[in-house]
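# Remarks on the overall topology
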Amino acid sequence: MSTRAPRVAKDEAKIPSATPSVEPPIGQRPTSIQDKNKDDDPSKEKLPFEDAVEVDADLENENDPEINQIPPEVRRVVSLHDDTTLPTLTFRYFLLSAIFVIPGAFLSAMNYFRTTYAPYSVFFVQIAANYVGLWLARVLPAREFRVPFTSWTFNLNPGPWSVKEHVLVTITAASGATGNLGITPIALGELYFNQRVHPAAAIFFMWSINATGYAFAAIARQVLLYEPAYPWFQALCQTALFETQSRQNKNPTPTARKQMRVFWLVLLGITLWQFLPEYAFPMLNSLAFLCWVAPHNPIANFIGSGLGGMGFLNLTFDWANISNYNAGVPLFLSPWWSQVVLFCSFVMSCWVLLPAAKWGGLGGYPHCLMTNRACTADGAKYPVTSLVTPQNTFNQTAYEENGQLHLGVHYLWAIFFDYASYISAYSWIAFFGAGQIKKAFNKFRARRNNPAQGINHQYTDRLNVLMRSYKEVPLWWYILLFLASFVCVMTMSGLDIIYIPWWTYLVALATGAAVVVPLGWLYAISNYQLPIGTFNELLYGTMVERLSTNRSPIGASVYGSIAGDAWYRAQYMLQDQKIGHYMHVPQRAVFFSQVFGIVMGVPINYAAMRWIIDTKRDYLTGAIEDPAHIWTAQSLTSSLTMGVQYVLLGPTRLFQQEQFRPLPYAFLFGAACPAIIYLLHRLFPRAKFQLWNTTIFFSGASIFYGNVSTGYFSRFIGGFVVMFWAYRYRYQLWAKYNFILAAAFDAGFNLNMLLIFLIFGSAKVIGMPNWLGNDAVSVEKCYALD
């Protein structure tokens with residue numbers, strides 16, 4: 001999940017090899033590389049951030065060598081002065097970190113079991129923490145306390161609320177108030193195999209995979225973090241808000257007060273509204289107009305339903321479905337072109353391929369089209385747990401009795417495009433970014449010739465010059481973090497607690513480390529986080545295929561969580577360290593805040609998982625169908641199916657089946673498509689073929705829409721209004737309120753989820769009575785849906 005903040009739009013002209021963004025409105029376009037040849041003073045043109053962030057006085061001197069190395073879009077946002085006396089790790093920091101990490105970690109863990117979700121918004125933390133911090137600075141007494149049995153002292157209120165405290169609280173929340181990939185194998189073992197991992201072992205495992213990713217950040221930070229040419233757009237977006245809030249704290253303006261009123265009013269409105277689709281009026285989840293016209297017509301039901309059908313012209317008024325971050329393209333902050341690409345992939349998958357499979361015989365297997373569970377030849381649910389012996393080996397007898405494992409055609413093409421997206425990312429980098437990577441590597445080699453100086457001394461731009469005032473994080477801190485996680489996982493592997501052979505853990509570390517730099521580069525310049533998908537599970541199945549032991553299907557998700565989270569967590573750490581770099585926060589304080597976040601958040605993740613399994617088990621296992629199609633454990637089901645097909649059956653046996661034979665061609669398909677796009681881009685440079693990012697398209701097509709296909713049409717309409725019409729024709733209004741609305745919508749939804757849990761589910765589960773808007777048979781009125 002990405003439980004991170006929404007992605008900010010980016011400009012194709014800044015870095016030609018990056019994924020380009022929608023063109024800014026006329027008169028508001030930022031300076032491009034091409035424009036520099038035409039205009040000797042590019043600083044006079046405005047950027048999208050400029051209305052929210054005042055330009056530093058140093059920007060008037062374009063010839064200053066410390067300034068001209070910083071990209072224009074960065075130097076118009078980031079302050080080029082620093083106050084080294086501002087407090088950082090204070091009592092207020094620790095108090096606010098606990099306040100924002102605990103609910104965020106709980107809500108983020110819940111998302112693993114839901115079909116759709118909205119993340120715990122980092123914008124909410126960033127805005128709310130500022131208000132609470134200002135309040136604490138007014139009410140806390142300025143008293144000194146000594147830590148018992150030490151000489152350390154701290155002051156409850158060391159002075160005015162500091163922007164650096166504010167940054168550290170937000171970074172801690174971004175680190176700890178997130179989900180954890182380790183939840184998947186732990187929940188799988190308990191839900192489907194009745195194998196409950198000891199709570200202490202589960203918590204240490206979950207912490208270890210996070211810590212491994214953070215340690216891996218040391219691999220890429222030398223290349224990607226300090227180089228001013230890599231803007232890290234998400235970090236730049238948050239920095240713009242930090243700088244704005246800092247100035248508002250010092251000198252509030254009427255505009256600033258109005259923005260905050262809008263934020264709180266929208267937050268309250270969304271919080272109250274979400275009680276309707278989430279609890280009282282589930283019909284608002286999916287407005288299937290074709291089902292209203294023909295509620296008992298199977299064809300009309302399948303075409304119109306958004307909860308098990310194609311979702312054709314289906315609308316939703318549930319922010320969870322509209323914001324659905326499984327798609328990776330947030331409505332408020334993703335450029336219009338990326339939303340178009342995603343919607344095109346949805347149209348191809350749901351409005352073209354689904355009817356072709358349903359009525360046209362696509363794939364040759366007519367059963368289980370809208371489920372990601374494994375099926376038998378006649379469409380019955382495959383008893384996958386029977387394929388595992390008590391010794392975690394393959395049960396050949398049970399396999400012969402039940403026959404070959406089959407997957408629905410929809411799930412098959414989702415896997416196909418998942419493979420294609422993974423290879424497409426590397427191919428896209430090779431064609432559009434090889435020059436950038438080569439330059440970065442050459443700079444890294446040049447820095448090795450002067451090892452006596454710190455990293456910041458090896459760059460001469462103003463931001464790195466300012467950061468020379470603080471001590472760098474030594475490499476041994478990262479090594480110690482890695483060794484702690486390594487010992488934990490190796491111990492659990494040796495005791496056969498986590499289902500994988502010890503040597504596969506070493507391979508997982510190697511593959512995870514291998515993707516940190518290339519995928520980190522892609523994210524640094526384009527703000528697109530590639531979901532690793534099922535590739536790691538396929539690799540694990542290949543490794544254990546010939547083994548007689550350690551053939552538990554849970555092992556695939558264990559391996560995937562280690563290798564996959566190595567990249568995700570490294571990216572999170574690098575991104576937040578870039579925020580610290582932009583905001584001139586001491587490097588060691590940033591490092592501490594990130595590690596402190598996972599230490600505090602992981603136990604909360606586990607507690608949330610325990611509550612959900614204990615209260616929603618029948619929904620999660622499919623014993624009882626959730627009428628709202630929310631608690632479907634869709635991701636867990638996919639993980640179980642992958643584990644069976646890759647570990648128990650094995651890639652060799654699997655790809656020999658007629659149904660699975662096309663899947664290996666996805667790797668060739670994913671590699672070739674960027675090459676074709678690149679060729680078209682070179683032949684027709686004005687046609688903007690570079691906007692058709694194949695990685696985003698394939699990732700959208702790899703989404704399984706069988707449970708929920710509503711929300712995408714509504715998102716497309718909303719994206720057109722916000723990111724095309726308002727951005728192009730009402731830019732001043734867009735610039736003033738877009739970030740605020742993005743934070744308010746996500747924060748309101750998260751607050752509503754927490755309130756529903758506390759009011760209707762924490763002590764005794766209270767269900768909503770059935771009525772017209774909460775039909776007992778179908779909330780959509782699709783009574784003939786298969």
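Attention in this report is confined to the structure presented alongside it. In this text, all values refer to a predicted model and were calculated from it rather than measured experimentally.

Reading the values: the criteria
Residues numbered from 1 in each chain as written. Predicted model: local features only at pLDDT ≥ 70, side-chain atom pairs only at ≥ 80, totals over all residues. Heavy atoms only, no water. Helix = DSSP H or I, 4+ residues; strand = E, 2+ residues; numbered from the N terminus. Contact = heavy atoms within 4.5 Å. Disulfide = S-S within 2.5 Å. Buried < 20%, exposed > 50% of the residue type's maximum accessible area, 1.4 Å probe, protein only. Phe/Tyr/Trp six-rings, centres within 6.5 Å; stacked < 30°, edge-to-face > 60°.

Secondary structure assignment for the protein chain yields 29 helices and two strands. Pairs at least 24 apart in sequence give 81% of the contacts found in the protein chain among residues at least 6 apart.

Moving on, we get to the state of the cysteines. Counted under the stated rule, the structure contains two disulfides. In this model, Cys291 is linked to Cys782 through a disulfide, with the two sulfur atoms separated by 1.9 Å. On the S-S bond that ties Cys291 to Cys782, the torsion sits near 95°, and the link is right-handed. Here Cys782 lies in the segment after α29 (731-760) and Cys291 lies in helix α11 (residues 289-293), a separation of 491 residues in the sequence. The exposure class of Cys291 is buried, given its relative accessible area of 0%.

Phi at Asn194 is positive, roughly 55°, even though this residue is not glycine. With a relative accessible area of 68%, Asn194 lands in the exposed category. Phi is positive for Leu313, which is not a glycine, with a value near 55°. Structurally, Leu313 can be placed in the loop between α12 (298-304) and α13 (319-323).

Let us look at the environment of Asn750. Of note, Asn750 is situated in helix α29. Sequence spacing of Asn750 and Ser121 is 629 residues, and the spatial spacing of their C-alpha atoms is 7.8 Å.

Inspection of every chain in the model, using the stated rule, returns 55 aromatic pairs. Ring centres of Phe106 and Trp611 lie 6.2 Å apart, and the angle between their planes is 40°; on these two criteria the pair is classed as tilted. Linking Phe106 in helix α3 (residues 91-110) with Trp611 in helix α23 (residues 587-621), this pair joins segments that are 505 residues apart in sequence. Taken individually, Phe106 and Trp611 each receive the classification buried, so the pair is uniform in this respect. Seen in terms of ring centroids, Tyr411 and Phe704 are 5.9 Å apart; in terms of plane orientation they differ by 80°. Their pairing is edge-to-face. With Tyr411 in helix α16 (residues 409-432) and Phe704 in the loop between α27 (694-701) and α28 (712-729), this pair connects stretches of sequence that are 293 residues apart. In this structure Phe704 comes out as buried when scored by relative accessible area, which is 7%.

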